Structure formats: structure tokens, C-alpha cells
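Observations on the three-dimensional arrangement
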Amino acid sequence: MKAGACSDDFAERPGCAAGAEHADPMTVGALGLQLGHSCHRMLVWECARVQPAVTLALPDALRDVGYCEHCRTPLVREPVHPREQSVVIVPRTGGVQIRAPFLTPLAAREAAAREVAREHCALIRRARA
Amino acid sequence: MESLKVNALRRYLLEQDLMFLAGQPAVYHCHHFNLFLDQTIDDALGTEESFRLRMSAAREFSGHLLSAVCEHAGARTPPERLQLAAQLFKLMGHGSLDFDADLSGGTAHGSHLHYGFAWLEKYGKQVRRRHPADGFAAGFAAAALEIAFELSPGSLRGVEHECVALRAPQCRIQLDGESSPDPAGAVIGERESENVVGPPEDGLFEDSIHPIVLGLKEFTAGVQGDERGLVQAFGVFVTMHLCGYYNRISYDAVQTIETRAPQSVGVLEDLLRESGHVCVFNTFGGILLSPEWEGLVGAPTNEPAKILAWCIAIGRALGMGHWTIAEFEPERRLVVRTSSSYESVYYRTRHGLASRPVEYLFQGAALAMAQLVHRVDWESKPQLTADYYKRLFKGGVPWRAEQTKSIVRGDALSEVVVTKVSG
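Residues numbered from 1 in each chain as written. Chains lettered and ligands numbered in written order. Predicted model: local features only at pLDDT ≥ 70, side-chain atom pairs only at ≥ 80, totals over all residues.

**A look at the overall build of chain B**
Regarding its fold elements, chain B presents 15 helices and 13 strands. For chain B, the C-alpha radius of gyration of 20 Å lies close to 22 Å, the compact-globule estimate for 423 residues. Judged by the C-alpha coordinates and their principal axes, chain B covers about 60 × 45 × 45 Å. Put simply, of all contacts in chain B between residues at least 6 apart along the chain, 71% involve residues at least 24 apart. (Helix = DSSP H or I, 4+ residues; strand = E, 2+ residues; numbered from the N terminus. Rg over C-alpha atoms; globule rule 2.2 N^0.38 Å. Contact = placed C-beta atoms within 7 Å.)

Structure (C-alpha cells):
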């Protein structure tokens, strides 16, 4: 499940919590992406936790890059991109989960999630700047 | 004609946690449970007879549902009614149906049908399937045509000739005249349910369970199919499904096997109980590990009482009945009760009193909750994989579940006692 190296260093990015809880073999590269719980294979990926203050700014930042809010409750935000990937945000805990579109072929799901994660990383940097 | 909203059609029976969709008993279940139960019926009856039973059960209960929904929405003409049926099918998370048919029959084209699509997602890489998967969609499509053209219930049948689970690009269901319609069974709605349920009672940890149930019900009110007709929530494909479908295929299959091969009834009943394990492991576990749960309630910890209370809350919110915890001694004993269950409502209304407790889902769920509460390291956020399921449920489960009270045997409530036997 381990993916190749990535140029982004999630652990060093501002706003990201310490990565100790994510130091397991499921961690994908250095993006802090970890295969999340889901019955759909390889579709759901957890990011390293970010500070709650940053998660509060994320929905607006994602809206600026084309995501639309599909929020069922303010306790769980879910901006969804027109290409159907989404970022589930738990403001209270700093939890962030990336969901690749479910029609993505199995072999391409990890790459799709990683692409969203890169965008997500850039937004976090911007949110912290 | 009004646009449909599932939430406007959804009701819960007060204090009983039984859900109704336009007056029809309904419940949320995920694709793991749905596929497992259908497979159980296939194994019991053979794929051809199983498909026929599944289609017939879906047709019967979808017919009741569609009739009520058309009335509610003021749909009068056949095109309006077919459009409404397709819309409802999507909103319930069963996929997309496109009708090319008239009152003599025709074709329903299906895309992203829940059973076929989910089967392909779950098993497609490992198993080659040889028979179509969408008995529910076939029955729903037949009922849609019957309601649209005001035909007698059971006068059309649906046969799936192409299915994505068999690697077809789309599903194709042929709809034509039924040669041997089933006799009409007793209607099961809210009033019949009220006649069967017992007086609701409180159990342990109600102070924490009750608000979670309310929050989850509020959350699921907004859960409905996307433009393809699939519901992704809590990391699973969710359906709002008709309890009549689950119940009829289960109890009719048991009846058939009792007549045909009585020595095999125990095996079938064990599999029906196992559907409760599959449900709790995948759906309840998926919910507990989801970010939605983390936001609404909190991340799961390794506190048995807390996980148990949360599981009970999930069961209630999904519409499985007013489950309560009567006793709990960690690592020793769990007693779960309910004054209501969709199984007992159906069985008592259709079959009367039973000679043995037959609330299979409730029995299986109680045992599975004991296992999840004690044997899962929630704080490690485990992957709920098929291998993990096997390790938890196939390798000598250290619990014995016994149903000691049963609404279907005439008791006021149902009760399952789970005790530690080894390990």
C-alpha cells in the first residue's frame, strides 16, 4: 500500500499537527495521506490532522478553487469538486479526509487522491500565510 | 406534480425507532448486508428461484410504496408516474432506471444499479459472476409499470438479461406479462406495526444514546441518492430499503427449505443471523470510523460501554427498532432488548405467532455488537476488511447468543442474551 516518494513534505508544512500518530506502513509518501476506512477500495484517504483554526478556513479556500459545499451539518463540512472528488472536514478535531470519485478505476484511485492532497496542502499553506 | 424529497416521505414510529417511507416500513442498510442477504437466498434456493423470489418481493412492496408516493405527489399520468418511480429509486440509493415501456411491458435500462454496481466494486476483481444481481431493481421496475398503467399487482414480471455484474456496460431488465402472479399477502404499514410493537422501555446509558439517535436521524434526513442514484455515506454505499423485501425473501426462503430440505434449515438460519454480523461489522463499524461520526459524536475509543451505547444508537437511527441495553458486564454478559423490530412486525402480520424466535438480524446483531465492543481496537482506526471480518467472526467467536424473549412468540418484547463462552 505504500506509495512512492513525494516532493511535498507534509510534516514540515505549517498548520499540520505532529505526524507521530500517522507513522505506520499505510502512510503514503510524505503527504501524510493514509488509506482511510471505507468499504470502497482505495477511495478514501485520511490526511494528517491540521489545527482546527486551519480547518475553519479550508471550506472557503476550497470554494475559491471550484468546490461546492455539500454540508449536511456544520459539524462535518464536505466541499465537493465538480469532478466529484470531495474533502470531508471535521472542524472540531482538525480531521480531513479526501474522497476520490467513486467511478475512478481502482488503479487510478490513489493517484487521484494524491492529486487532491497536493491541492489541499497548497491551500493549507495559503490559509496559514 | 411535486418534486420528491425523501425526508418529506420519511417518518419514525414514535418511541419505537421503526422508519416508514410513505407508510411502508423502511430501513437503511449498506451494500455489504444487501449483497450478503441476496447471496444467502441464492445459496438456499438456487439462483433462478432466488431471482424470482427477490423480484417478486421487490415488486410487491415497491408497488405499495409507489402507489402511496404517486398519491402523495399527485402523479396521475403514466409518464408522470414512471418519472416519479425513477426519481424515487434514485433517491433511495438504488441507481438509475430509464423506462422504454407501455402497458404491455417493455424494457427498463439500468445504470449504477445498487446491487450490480456494488457487487462489481466488492467482488469484481476476485469472482466471476454467472447470474444477474438486480432482482430488486427488476421487481421495482415491474411495479413501476403496474402502478403507472394501473395494472393488477403482480401482473408483470421483470427479468434482468444484462447486468454490470456480468461485465455488461449497462443493466437491461425485460418487463412482460407474469404467468403465475403471487397471491396477495397481508398489507404491512404503520398501523399494522403499531399493533405488533410492545411498550417502549429505557435501558442503560439512555442519556448518551438518546441525543445521538436524534442527531443521526437529523443527519440521515439529508442523505439521498446523487444524480446517478447512489448514496455514499459513512464510507459505504447506503440504501434506504424496503423492510418487506428483506423479510419476505428471508422468511419465504426458510419456509421453502423447511418443506424441501428440513435438515438444512439450521444452516440457512445461521446465515440469516450472520447477515446481522455483516451489517454491524460493516455498517455500524463504518459509521463509527467515519469523519461524519467524529464530527457528530466523537472519535471512537476503546471503552466498551461507550462503543456499545453508540452501536445501540446507530441501530435505532437506521430504523432497526428501539434497541436497549438491559444488562452489560464487560467481557461477561450483554442483554439487548427491543420493543420493536422490522422482522417481528412482518412476521406477526404475515405469519402470526412463531414456534421459535426468528428475529435473525436482531440475534446476529447482538452477538456482533459484543464482538465489536470487546475485540476491536477502535483507537487504531482499523480497516474493516474482509480478512478482518473473518478473523473476528470465523475464528471461534467467544460469545453465545440466545434469544430468550420474542415478540414473534407472543412476548411483549424481544431479548437476546449474549454470554462469554471462552477466550
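**Focus on helix α2 (residues 31–45) of chain B**
Residue and element names in this part refer to chain B. In this model, α2 (15 residues) spans 21 Å end to end at C-alpha, consistent with the 21 Å of a helix rising 1.5 Å per residue. In terms of burial, α2 is a largely internal element, twelve of the 15 residues being buried. Along α2, the residues that are buried comprise H31, H32, F33, N34, L35, L37, D38, T40, I41, D42, A44 and L45. (Expected span 1.5 Å × (residues − 1). Buried ≥ 20, exposed ≤ 12 C-beta atoms within 10 Å, placed from the backbone.)

**Remarks on the domain arrangement of chain B**
All names here are of chain B. In terms of domains, chain B is made up of domain 1 (6–177) and domain 2 (196–224 + 263–420). Computed from C-alpha coordinates alone, the two centres of domain 1 and domain 2 are separated by 26 Å. The interface of domain 1 with domain 2 comprises 22 residues on the first partner and 25 residues on the second. Looking at side-chain class alone, the side of domain 1 that touches domain 2 contains 14 nonpolar, five polar and three charged residues. (Domains from an automatic or database assignment. Nonpolar A, V, L, I, M, F, W, Y, C, P; charged D, E, K, R; others polar.)

**Brief notes about the interface of chain A and chain B**
Facing the 16 residues of chain A at the interface are 19 residues of chain B. Sorting the residues of the side of chain A that touches chain B by element identifies β6 (86–90) and β7 (95–99) of chain A as the ones contributing at least two each.

**Points about unusual backbone geometry**
Excluding glycine, a negative phi dihedral is what most residues carry, and trans is how most peptide bonds are arranged. Residue and element names in this part refer to chain B. Although it is not a glycine, D17 adopts a positive phi angle of roughly 55 degrees. For D17, the location among the structural elements is in the loop between β1 (10–12) and β2 (19–21). Its 26 C-beta neighbours within 10 Å are what place D17 among the buried residues. With a phi angle near 50 degrees, K381 is a residue other than glycine that sits in the positive phi range. Checked against the element boundaries, K381 lands in the loop between α14 (360–375) and α15 (386–393).

**Considerations on the sheet that holds strand β13 (residues 414–420) of chain B**
Residue and element names in this part refer to chain B. The strand order across the open sheet built from four strands is β10-β11-β13-β12, with neighbouring strands paired in antiparallel fashion. The strands lining the two open edges of the sheet, one partner per strand, are β10 (323–329) and β12 (399–405). When the angles between neighbouring strand axes are averaged without regard to direction, this sheet yields 20 degrees. (Pairing = 2+ DSSP bridges. Axes fitted to C-alpha atoms, helices over the stretch in contact; angles between N-to-C directions.)

**Things to note about the sheet that holds β1(B)**
Residues and elements named next belong to chain B. What the five strands build is an open sheet, ordered β1-β2-β3-β9-β8; its pairing is antiparallel. The open sheet has two edge strands, β1 and β8 (231–233), and neither has a second partner. Across this sheet, the average inter-strand angle for adjacent strands is 45 degrees, counted without regard to direction. As defined by bridge partners, strand β3 (residues 24–30) adjoins strand β9 (residues 236–242) across five bridges and the pair is classed as antiparallel. Residue Y28 lies in a different strand from β9, and its bridge partner there is M240.

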